[in-house]
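Topology and contacts: notes
Here is how the chains run, residue by residue.
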Amino acid sequence: MPELPEVEVTRRSFAGRIAGARVLAARLGKPLRWPLGCDPQALAGRQVQGVRRRGKYLLIDLDAGLLLLHLGMSGSLSFMPEAPEAGPHDHFDLFTTQGVLRLNDPRRFGAVVYVTGEDDPVAQKLLGGLGVEPLGPDFEPVAFHAALRRRQAPIKQVLLAGDVVVGVGNIYASEALFLAGIRPTTRASRLSLPRATRLHAAVQEVLARAVDKGGSTLRDFSNAWGEAGYFQLEAMVYDRAGQPCRRCGQTIRRMVQGQRATYFCRGCQV
DNA sequence: AAAAGCCCCTGGATGC
DNA sequence: TGCATCCAGGGGCTTT
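Residues numbered from 1 in each chain as written. Chains lettered and ligands numbered in written order. Predicted model: local features only at pLDDT ≥ 70, side-chain atom pairs only at ≥ 80, totals over all residues. Heavy atoms only, no water.

Considerations on helix α5 (residues 170-180)
The element α5 is largely enclosed, with a buried count of 10 among its 11 residues. Along α5, the residues that are buried comprise N170, I171, Y172, A173, S174, E175, A176, L177, F178 and A180. Elements that come into contact with the buried residues of α5 comprise α1 (4-18), α4 (155-161), α6 (193-212) and β10 (260-265). Directly beyond the C-terminal end of α5, a positive phi value near 70° is found at G181. (Buried < 20%, exposed > 50% of the residue type's maximum accessible area, 1.4 Å probe, protein only. Helix = DSSP H or I, 4+ residues; strand = E, 2+ residues; numbered from the N terminus. Contact = heavy atoms within 4.5 Å.)

Remarks on the domain arrangement of chain A
Taken domain by domain, chain A consists of domain 1 (4-127) and domain 2 (141-265). Listed as interface residues are 18 residues of domain 1 and, on the opposing side, 17 residues of domain 2. Interface of domain 1 and domain 2: buried area, both sides summed, is about 1400 Å²; carbon and sulfur atoms make up 66% of it. Ranking the residues of domain 1 by area buried against domain 2 places P5, E6 and V9 at the top, with a combined share of 35%. At the boundary of domain 1 with domain 2, the tally comes to five residue pairs in polar contact (both at pLDDT 80 or more). Among the secondary structure elements, those contributing two or more residues to the side of domain 1 that touches domain 2 are α1 and β5 (76-80). It is α1 that contributes the most residues to the side of domain 1 that touches domain 2, 10 residues altogether. When grouped by side-chain class, the residues that make up the side of domain 1 that touches domain 2 number seven nonpolar, five polar and six charged. (Domains from an automatic or database assignment. Buried area = accessible area lost by both parts, 1.4 Å probe. Polar contact = N/O pair within 3.5 Å; in protein donor to acceptor, adjacent residues only side chain to side chain. Nonpolar A, V, L, I, M, F, W, Y, C, P; charged D, E, K, R; others polar.)

Some details on the protein's contact with DNA strand B
Around DNA strand B, the surrounding shell consists of K30, H89, P106, R107, R108, F109, R151, Q152, A153, Q157 and Q259. The sugar-phosphate share of atoms of DNA strand B within 4 Å of the protein amounts to 59%. In this structure, P106 approaches DNA strand B through a main-chain N or O atom, which is 3.4 Å from a sugar or linking oxygen. Separating a phosphate oxygen of DNA strand B from a backbone N or O atom of A153 is a distance of 3.1 Å. Residue composition of the surface near DNA strand B, grouped by class: three nonpolar, four polar and four charged. (Near = heavy atom within 4 Å.)

Points about the pairing of strand β7 (residues 99-104)
Extensive coverage of β7 is indicated by the burial of five of its six residues. Note that β5 and β7 share five bridges and pair antiparallel. Looking at the pairing, L77 lines up with L103 of β7. Where strand β6 (residues 90-96) folds back onto β7 in an antiparallel hairpin, the turn is made up of two residues. (Pairing = 2+ DSSP bridges.)

Digging into the nonpolar core
Among the nonpolar cores identified, the biggest contains 38 residues, and F144, L148, I155, L159, Y172, L199 and V203 are the most heavily contacted of them. Contributions of two or more residues to this core are made by α3 (141-149), α4, α5, α6 and β10. When residues no more than four places from it in sequence are discounted, the contact partners of Y172 are E3, P5, E6, V206, L207, A210, G215, S216 and F231. Ranked by size, the runner-up nonpolar core spans 27 residues in total, among them I18, A21, L77 and A224. (Core = buried A, V, L, I, M, F, W, Y, C linked by side-chain atoms within 4.5 Å.)

Regarding the sheet that holds β6
Strand order in the open sheet formed by four strands is β1-β6-β7-β5, with antiparallel pairing between adjacent strands. Each edge of the open sheet carries a strand with a single partner, namely β1 (23-28) and β5. Across this sheet, the average inter-strand angle for adjacent strands is 15°, counted without regard to direction. As paired elements, β6 and β7 share six bridges and run antiparallel to each other. Residue pairing across strands places F92 opposite L103, the latter belonging to β7. (Axes fitted to C-alpha atoms, helices over the stretch in contact; angles between N-to-C directions.)

Some details on α3
Those residues of α3 that sit buried are F144, H145, A147 and L148. Within α3, the buried residues cover an arc of 160° as seen down the axis, which keeps them to one side. Along α3, exposed side chains directed more than 90 degrees from the buried face belong to V142 and R149. Of the residues flanking the start of α3, the one acting as N-cap is E140, its side-chain oxygen 3.0 Å from the backbone nitrogen of V142. (Arc of directions from axis to C-beta.)

Regarding the pairing of strand β3 (residues 57-62)
Taking burial as the measure, the six residues of β3 include six buried ones, the bulk of the element. Of the two faces of β3, the one holding Y57, L59 and D61 and the one holding L58, I60 and L62 are both buried throughout. Here strand β2 (residues 48-54) pairs with β3 via six bridges, running antiparallel. Paired with V48 across the bridge in β3 is L62. By the bridge criterion, five bridges tie β3 to strand β4 (residues 66-70) in an arrangement that is antiparallel. Bridging across to β4, D61 finds its partner in L66. Linking β3 to β4, which pair antiparallel, is a turn of three residues; within it G65 sits at a positive phi near 80°.

Take a look at the structure:
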């Protein structure tokens, strides 16, 4: 489910309310992708300093150590004054003096991992290989072009890989390539500087706009307030196979790259 | 080093 | 109605 916009929207929806809270207890449901990495009881008494985001990870800073949280494919967070009884897909609860942070994740591709710091080997393994933040100052056209020149894979898959630029998932990769007028199958190394620059701008534009719209709610995404997102309503290509292109009228195509669906317009993307 | 496949898991939609 | 099949916002790990 969640790409950078959904994760960022989630972060903003509870960061302010949980900051300063004291952890009372933690509860685990079924196993997630990785073990928590500490006894849940050991979290009691720690204070939440704030919530950051790195790529699609949320970093919940504690006064000692931090929690790395990933929503995987089907995860969503809620933050409520009091938690209803846990349902079958509620796999992590953090009870605090200011409310309960709950992770609901039917498919359990998500994770909550405790690490002592960002230099912790586990944190390094998960965060160390990530590319630059697309909405940060390090995402810059010339460096982006240089990084793409080293990659022979199709540009769609390079965007998804996350080691050049983070946070672009399956929806926004298709959308950004449409905006930039680039075929998803184009080898990354063959993009000229002007085209890479267009793609750079398109990635920033589509992600920023999606954050603005509260993310995309295709099935069940909602932020920690329970509010849905609306970006899916303005998707140009994603999940629109067989429908007319909103720009040129040609039929939107669906193809498969690396076992993931890609949507594009033959008329608008060269 | 980089690319390509393979999984992890559950639920909803579709088709017979 | 029931059952099989396909598909889904991710990404680490293993193999080429």
